[in-house]
Amino acid sequence: MFPHELNDPRAFEIAQALLEGFNKHYRLFRAASATAKQRFEQADWHGQQRAQRERIEFYDLRVDEAVALLEERYKTSRLPTEVWQQVKLHYIGLLTNHRQPELAETFFNSVCTRLLHHSYFHNEFIFVRPAISTEYIENDEPAAQPTYRCYYPSQDTLRDTFMRIVWNFQLTLEFEDLGRDIDCVLQAIGSELGAFRWRTNFQVQVLSSLFFRNKGAYIVGKIVNGFTETPFALPILHREPTPAPGRVPAPQKQPGLLYIDAALFGEDELLMLFSFARAYFLVDMEVPSAYVQFLRSLMPRKPRSEIYSTLGLQKQGKNLFYRDFLNHLRHSSDKFRIAPGIKGMVMLVFDLPSYPFVFKVIKDFYPPQKDTTREQIQAKYLLVKQHDRVGRMADTLEYTQVAFPRHRFEEELIAELRHFCPSLLEESGDDLIIKHLYIERRMVPLNIYLQESSPAQLAHAVVEYGNAIKDMVSANIFPGDMLWKNFGVTRHGKVVFYDYDEIEYLTDCQFRAVPQPRNEEEEMSGEIWYQVNKHDVFPETFGPFLLGHPGVRDVFMAHHADLLDPAFWQAHKERILAGHVHDVFPYDPHKRFHVRDLAPALKAPDPEHRELPIQ
Ligand SMILES: Nc1ncnc2c1ncn2[C@@H]1O[C@H](COP(=O)(O)OP(=O)(O)OP(=O)(O)O)[C@@H](O)[C@H]1O
């Protein structure tokens, strides 16, 4: 019901306190993102990763604070309905000229749903749709930074323009040779665009803030020519000293010189950069919706929810994702079913065929070989969320109290939920409420993919599988359970890990060689006769589980035999313990300028690295 009068004096104060809570959140979020530039300039890689991790927790901390404050001052959980309706109207009024209204609305929802019982979820207190438009928000103050800058070069000034684009970011470190890098960028633009007619509207649009993640800073923009728009991104890196052959490189303490490593073009290359399997970017944004709109023009297939998440605004991403999901449910009629593939021992996984995500619920009990608890599993999923996912671990969205329409569930799935997850299931009328679940991108489970693939696809997937493990190793992650079924293949043919319940930090593991048997009895024993401690890992024993298929075995041994050698794992562990932060490039190695120059053989992609479509 719409309140006809705003007559309760508490309502305005509550709305104002709520907005102050949000403003504090965004101030801190923005500060953590803005200082990424200094950390990049100081080569403070551990600091950058820490900031990426810690920023994820900011939102919940601020929601907790706001809930406590409102409860203490206004006893808000006991306020009558009419007052809440007035609070919402005041809040809408306060947002009229706000620069992050959509985020502030989500904050309102988070606080409200914490204060009010969940039976209120469907009513008019919360923002089920945005009330304030996010179109055309800009800060018009003279000193304000626009969301993006436009440059209008001619054929003769294109080089100068790209130099200026880089200078305008005012990085305090010097470039090794910016002219050389810009020449490479122009050459890459030449091959990307081919011969083209220079239209009157030719322009380069560049987002005003750099995108920071791990050891990189990215310039993101598009080239507009006539009706054609070409998205691009330019990764800027530090030149690290090359170690002597055979030596472990020392962790970088001094900032080096900068260089542009590659030029990425088009939607697909940008999708790889902004993948759901990577850590969130740190970007200093005053008007996030304008960034999202610009990025959407570069990647029209990427939902807005995912773009918000990659910008670190994962609660907004989660909110939009849920709205999209409800909309999909309204406009579809198929049924939720048990996900294809080998069933999980700790997770019950289901999907909706028409929808490209899976839903994962932790079971109430597990077989004896799974020595774990619900808390431990949740902690592992949280670890992955906060860690650098290096393009190899899928991001998950965690939800509580999700109401599904029961009639859209296959009976077999309901029976499994009742059997394996009774503590998380509430059935009321046509509502099937799941109290806790994770949602994750659907991929083709690698075991299924390998069974159905051609020899070339199989070879590609096995090489990719080893690369995925090696990328995780670089990021200090030991996947624990490396069976094929725990990996999936994405639309772009990338292999990504998704089973986190046995994940460990590499630095917590002991990589050991299998001891030599001391007598015949030990040698002939079918059992493990040597002592195994909790974090012991025996890489030599992976083979029998992974390499039963001869085609798989041949490719694996040709490319990744080192994964069966304890020395490989131990060496990586030592490098990480010595403080080294690895580079994991979110683009194909053959895109790197210096790799192309130094090793012409790498110019053409290795056929096994070429991305094969999944049928
Ligand atoms: N993102 C995904 N896309 C497609 N299928 C998935 C996805 N995640 C899980 N599955 C399917 O669900 C199954 C179980 O998932 P998962 O491996 O996460 O559960 P688990 O209980 O942790 O498994 P395990 O028994 O190996 O510990 C997978 O083998 C796969 O078939």
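Bear in mind that the values here come from a model prediction, so they are computed numbers and not experimental data. (Residues numbered from 1 in each chain as written. Predicted model: local features only at pLDDT ≥ 70, side-chain atom pairs only at ≥ 80, totals over all residues.)

## Things to note about the site of the ligand
Stage number 1. The environment of the ligand is made up of 23 residues, and the closest members are Gly341, Gly344, Met345, Val349 and Asp499.
Stage number 2. Residue assignment for the shell around the ligand shows that the elements contributing at least two residues are β9 (347-351), β10 (357-362) and β13 (431-441).
Stage number 3. Looking at side-chain class alone, the shell around the ligand contains eleven nonpolar, four polar and eight charged residues.
Stage number 4. When residues of the shell around the ligand are sorted by domain, at least three fall in each of domain 3 (332-442) and domain 4 (443-584). (Near = placed C-beta within 6 Å. Helix = DSSP H or I, 4+ residues; strand = E, 2+ residues; numbered from the N terminus. Nonpolar A, V, L, I, M, F, W, Y, C, P; charged D, E, K, R; others polar. Domains from an automatic or database assignment.)

## Concerning the nonpolar core
Stage number 1. Ranked by internal contacts, the top residues of the largest apolar core, which has 96 residues, are Tyr218, Ala233, Leu234 and Leu311.
Stage number 2. Considering each element in turn, this core owes the most residues, seven residues, to helix α1 (residues 9-34).
Stage number 3. Apart from the residues within four sequence positions on either side, Tyr218 is in contact with Leu210, Phe211, Ala233, Leu234, Pro235 and Leu273.
Stage number 4. In this structure, Ala394, Tyr449, Ala461 and Phe487 belong to the second largest nonpolar core, which totals 34 residues. (Core = buried A, V, L, I, M, F, W, Y, C linked by C-beta atoms within 7 Å. Buried ≥ 20, exposed ≤ 12 C-beta atoms within 10 Å, placed from the backbone. Contact = placed C-beta atoms within 7 Å.)

## Overview of helix α11 (residues 314-330)
Stage number 1. The first and last C-alpha atoms of α11 sit 24 Å apart over 17 residues, in line with the 24 Å expected at 1.5 Å per residue.
Stage number 2. Listed as buried for α11 are Gln314, Lys315, Gln316, Gly317, Asn319, Leu320, Phe321 and Phe325.
Stage number 3. Residues of α11 that are buried in the fold lie against α3 (45-74), α5 (101-115), α10 (304-310) and β11 (396-405). (Expected span 1.5 Å × (residues − 1).)

## Considering the UniProt feature "active site" (unreviewed entry) in the protein
Stage number 1. Here, the residues flagged by UniProt with the feature "active site" (unreviewed entry) are Asp395.
Stage number 2. Here Asp395 falls in the buried class, since 23 other C-beta atoms lie within 10 Å of it.
Stage number 3. Filtering out sequence-adjacent residues up to four positions away, Asp395 remains in contact with Phe276, Ala277, Ser309, Lys385 and Arg389. (UniProt positions renumbered as here; feature names shortened; annotations may be inferred.)

## Quick look at the domain arrangement of the protein
Stage number 1. By the assigned domains, the protein splits into domain 1 (9-120), domain 2 (148-312), domain 3 (332-442) and domain 4 (443-584).
Stage number 2. Each side of the interface is counted separately: domain 2 has seven residues, and domain 4 has eight residues.
Stage number 3. Its residues placed into classes, the side of domain 2 that touches domain 4 shows five nonpolar, no polar and two charged.

## A few points about the packing of α1 against helix α4 (residues 81-94)
Two quantities define a packed helix pair, namely the angle between the helix axes and the distance between the axes.
Stage number 1. Contact geometry of α1 with α4 gives a least axis separation of 8 Å together with a crossing angle of 55°. Regarding the angle of α1 to α4, the classification is oblique. The two elements α1 and α4 cross, and the hand of that crossing is right-handed. Contact residues: Arg10, Ala11, Phe12, Ile14, Ala15, Gln16, Leu18 and Leu19 in α1; Val83, Gln86, Val87, His90, Tyr91 and Leu94 in α4.
Stage number 2. Residue composition of the contact of α1 with α4, grouped by class: ten nonpolar, three polar and one charged. (Axes fitted to C-alpha atoms, helices over the stretch in contact; angles between N-to-C directions. Parallel < 35°, antiparallel > 145°, perpendicular 65-115°, else oblique. Left-handed = near helix turned anticlockwise from the far one by under 90°.)

## Focus: the environment of Thr106
Stage number 1. Its location among the elements puts Thr106 in helix α5.
Stage number 2. Placed 421 residues apart in sequence, Thr106 and Glu527 show a C-alpha to C-alpha distance of 56 Å.
Stage number 3. Beyond its immediate chain neighbours, meaning those up to four positions away, Thr106 contacts Lys315, Gln316 and Asn319.

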